[in-house]
Amino acid sequence: MNVLKKYTTLFLAVILAISTVFPVSSFAVSKGKEVALSKQLKAVSKKTYRYFEEFTVEETGLTYDAVRYNEDGEMTAQKHTSPTNIGMYMMSTIAADEAGLISREESIDKIQTTLNSLEDMKKWNGLFYNWYNTSDGSLYTDWGEFISTVDNGWLSAGLVVVGQAYPELFEQSNALVQNMDYSKLYTPEVGQMRGGYDVAAESYTSHHYGAFYTEPRVASYIAIGKGDVPKEHWWKMFRTMPESWDWQQQTPEGYTTTYDGVEVFEGHYSYNGKKYVPSWGGSMFEALMPQLVLKEKELGKDALGLNNQRHAEIQIEYAKEQGYEAWGMSPAATPDGYSEFAATPLGMDGYKADGTVTPHATFLALEYTPMEAFENIHTLKRFDTYSKYGFLDSVNVETGEVTNAYLALDQGMTMVSIINYLQDGVIRDYFHQSEIGKTPEDLLKKEEFSIK
């Protein structure tokens, strides 16, 4: 009996110790929030996908770029689309299938229509122009005839995911990707991708995508995975700009190391003691849009994954310090058009912060700060931003002014973020099952940023 009493006492002591460190009530609240978050996300995804159902032309499978509503509730639609929109539509449709919102057969039928349109659309070296009419897939030339590196990257990403999610579409989707020749946008002497090419003017942009931690890194990853550009391109982009470039927001700290024979300055900035590699402007989608398809959290634990975590945390911290009720700064629609917003210190040349937040930024951060996202979703709803097609595109939390618009890009980022969170990165899994996704994985694994 003494032995039994001894072990009973020991057992109770252990339980007491555990409950002191991890209070049962806190654990229950946390689990309760997770369940509530999942339920909430499913409801948001249903409304969000409704945008694609109602504003995608049935005959072409091409989605309107945006819709806006005036004070009288009258709608104005931007009936053109971009390669990014198309890629996000296809991934959102797969997400809708994964969420049980539509059937697999319905998803395949919708995407098949889009692929058929893509085959017939005008291209430059297999790469797509920046704007097309959704009615028939013809070029929309009001904004020129530009070939965008970053936009083609997101279309390629969508096509790769399609080919893995639906093997019966692989041949068609893969042919489109393989014909997209990224070498035409690459400058070997610099080791970087151009911003794009103006077909009408027959000229490349004067700038290259030099900053590594921005959304074009998906195009770079795919170009390497296809074999269109060498893997040294990955190391030729700047983690921070060189220390001598004094126009940037901070003088970076760090060290120089070598990967695959290329010297890389592993620089970083700091904010309230947190080290991070900056993006160009400090916005959420520069930081976190690529992880919709790239396994940065899983494979880049000491580099991109860790940096993604820091950017999400600093976005939240920065918003609090500004006195904002909600967080999530990223380019978004405004009542007068479209503008860039950011947690300014996170950028090399930071975009402004004026109280404007956009819901898509919250959803991009789901896998890094889920409970904070849960609270932020509720806060955004209190600003009357939740409507027929999910969340409206932005709200100024200082003035309370809501932008009564939806953007296909932002709806797509929201949709894919939700399904990745609910189903353990299913869209990323599809992407990395492909040869294009698998081949450069060592680039994600081997790097260590100077931010630990």
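Shown above is the structure to which this text applies.
## Overview of the pairing of strand β3 (residues 66–69)
- Here β3 pairs with strand β4 (residues 75–78) via four bridges, running antiparallel. In the strand pairing of β4, V67 is matched with A77.

## Comments concerning the pattern of salt bridges
- By the definition in use, this model includes 18 salt bridges.
- When the shortest N-O distance is used, the salt bridge between K33 and E375 registers 2.7 Å. Highlighted residues: K33 in helix α2 (residues 24–54) and E375 in helix α13 (residues 370–382), separated in sequence by 342 residues.
- Classification of K33 as partly exposed rests on a relative accessible area of 25%.
- The class of E375 is partly exposed, set by a relative accessible area of 37%.
- Between R239 and E447 there is a salt bridge whose closest N-O contact spans 2.9 Å. Of this pair, R239 sits in the loop between α8 (232–236) and β14 (253–259) while E447 sits in the segment after α17 (441–446), and the two are 208 residues apart along the sequence. Take R239 and E447: they sit in the same class, and that class is buried.
- Taken together, the shared-partner salt bridges in this structure form one network comprising K231, D260, D442 and K446.

## Description of the nonpolar core
- By size, the foremost hydrophobic cluster in this structure holds 132 residues, and its most contacted members are M90, L118, W234 and V293.
- Among the elements that make up this core, the one with the highest residue count is helix α5 (residues 149–165) (nine residues).
- L118 has contacts with I86, M90, K123, F128, L155, L159 and L176, leaving out every residue within four places of it along the chain.

What counts, and at which threshold
Residues numbered from 1 in each chain as written. Predicted model: local features only at pLDDT ≥ 70, side-chain atom pairs only at ≥ 80, totals over all residues. Heavy atoms only, no water. Pairing = 2+ DSSP bridges. Helix = DSSP H or I, 4+ residues; strand = E, 2+ residues; numbered from the N terminus. Salt bridge = Lys/Arg side-chain N within 4 Å of Asp/Glu carboxyl O. Buried < 20%, exposed > 50% of the residue type's maximum accessible area, 1.4 Å probe, protein only. Core = buried A, V, L, I, M, F, W, Y, C linked by side-chain atoms within 4.5 Å. Contact = heavy atoms within 4.5 Å.

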